Amino acid sequence: MRSGLNNTWRALAAVFSLLLCTSPLADCLKDAEGQVICGLGSCARDAAGQVFCSAFKDGEAIRNRMGEVLCGKGQCRIDQNMQAWCATSQGGGADRDRNGKVLCLNGCEPASKAMCEQTAATP
């Protein structure tokens, strides 16, 4: 009986941790003028306070070293050369290895402004 109860608690803990780690990336932010900008993916502010969002569901917007926002289809990371790279698959993961190289699910591509959107929120 005790073993079954432990397994139940372990299963509940696993489900709870998955829920915490897999939140949707859709986002909205206020720009410098107070307008709310939303996107299918995450949003970020550039150095001037303009908001850009990934045009892809579960995509990411990332601010580079120059303060410019670039976007991708999946998660994005900055490499050891300060270049932004994103997963080529929609919602795909990305991270840096111990040398600072970005590795992505199904490969990486450069983050770009062309993959961003600026959609004003409406009531």
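Residues numbered from 1 in each chain as written. Predicted model: local features only at pLDDT ≥ 70, side-chain atom pairs only at ≥ 80, totals over all residues. Heavy atoms only, no water.

## Quick word on the sheet that holds strand E13 (residues 119-120)
As a reminder of what qualifies: Only strands joined by at least two bridges in the DSSP assignment are considered to pair. Numbering of helices and strands runs from the N terminus, with a helix taken as a DSSP run of H or I at least four residues long and a strand as a DSSP run of E at least two residues long.
Strand order in the open sheet formed by 3 strands is E1-E2-E13, and the pairing between neighbours is antiparallel. Bordering the open sheet on either side are strand E1 (27-30) and E13, each of which pairs with just one other strand. Sheet topology note: the strand E2 (residues 36-39)/E13 ladder contains 2 bridges and is antiparallel. Paired with Ile-37 across the two strands is Ala-120, which belongs to E13.

## Some details on the sheet that holds strand E7 (residues 76-78)
Cut-off, in case you're wondering: Interaxial angle, 0 to 180 degrees, is taken between N-to-C directions of lines fitted to C-alpha atoms, where a helix line uses only the stretch in contact.
Here we have 3 strands laid out as an open sheet, ordered E7-E8-E11, and antiparallel in their pairing. Edge positions in the sheet fall to E7 and strand E11 (108-110), since each of these pairs with one other strand and no more. Across the sheet, the axes of successive neighbouring strands diverge by a mean angle of 35 degrees, strand direction being ignored. As paired elements, E7 and strand E8 (residues 84-87) share 3 bridges and run antiparallel to each other. Bridge pairing in E8 links Ile-78 to Ala-84.

## Section: the state of the cysteines
How we decide: Any pair of cysteine sulfurs within 2.5 Å is marked as a disulfide. Partly exposed describes any residue whose relative accessible area lies between the buried limit of under 20% and the exposed limit of over 50%, with all areas from a 1.4 Å probe on protein chains only and scaled to the type maximum.
Evaluated as defined, the whole model comprises 5 disulfides. Each disulfide pairs two cysteine sulfurs, and for Cys-71 the partner residue is Cys-116, the sulfurs being separated by 2.0 Å. When the S-S torsion is 105 degrees, as for the bridge of Cys-71 with Cys-116, the disulfide is right-handed. Taken together, the residues span a long stretch of sequence, with Cys-71 in strand E6 (residues 69-72) and Cys-116 in strand E12 (residues 116-117) at a distance of 45 residues. We classify Cys-116 as buried; its relative accessible area is 13%.

## A few points about the pairing of E2
Judged from the 4 bridges that link them, E1 and E2 form a sheet pairing that is antiparallel. Its bridge partner being in E2, Lys-30 is matched across the sheet by Val-36. Connecting the antiparallel pair E1 and E2 is a turn made up of 5 residues, with Gly-34 showing a positive phi of about 90 degrees.

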